[in-house]
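Summary of structural features
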Amino acid sequence: MTKGTQSFGKRHTKTHTGCRRCGKISFHKQKTLCSNCGYPGAKIRGFNWAQKALRRKAPGTGRMRYLKNMTRRFKNGFREGTTAKKIVKA
């Protein structure tokens, strides 16, 4: 058997599957480790030698479910549990 074309035809098993955290097909089944985000580790995988990759994962590239309301809440002094006063027409 040679190590070229014939051997490549035998490759039909998948080493990586979908990751629950990042959604990419980067979760290694045997290692149980995601090569993209580092799941199941607590911290998101990222390296300073890959500046582009850090930019892709930076805050502001997704939905920002929590952060998008912060500027408005900061402007109002993080008030909670109050209602706006009615403006009475004169």
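This text follows the structure it describes.
This section reports on the structure supplied with the text.

Notes on the environment of Gly62
Here Gly62 shows up in the loop between helix H2 (51-57) and helix H3 (70-75). Classification of Gly62 by relative accessible area gives exposed; the value is 55%. Sequence separation between Gly62 and Gly77 is 15 residues; the distance between their C-alpha atoms is 26 Å.

Quick notes on the packing of aromatic side chains
According to the stated counting rule, one finds three aromatic pairs in the structure shown. Judged by centre distance (6.1 Å) and plane angle (55 degrees), the ring pair of Phe27 and Tyr39 falls under tilted. You can see Phe27 sitting in strand S2 (residues 27-28) and its partner Tyr39 sitting in the loop between strand S3 (33-34) and H2, a full twelve residues away along the chain. Its relative accessible area of 21% is what places Tyr39 among the partly exposed residues. Relative to Phe78, the ring of Phe74 has its centre 6.2 Å away and its plane inclined at 65 degrees; by these criteria the two rings are edge-to-face. On the basis of relative accessible area, Phe78 is assigned to the partly exposed category, the value being 38%.

The rules behind these values
Residues numbered from 1 in each chain as written. Predicted model: local features only at pLDDT ≥ 70, side-chain atom pairs only at ≥ 80, totals over all residues. Heavy atoms only, no water. Helix = DSSP H or I, 4+ residues; strand = E, 2+ residues; numbered from the N terminus. Buried < 20%, exposed > 50% of the residue type's maximum accessible area, 1.4 Å probe, protein only. Phe/Tyr/Trp six-rings, centres within 6.5 Å; stacked < 30°, edge-to-face > 60°.

The quantities given are spatial measurements derived from coordinates; they are silent on function.
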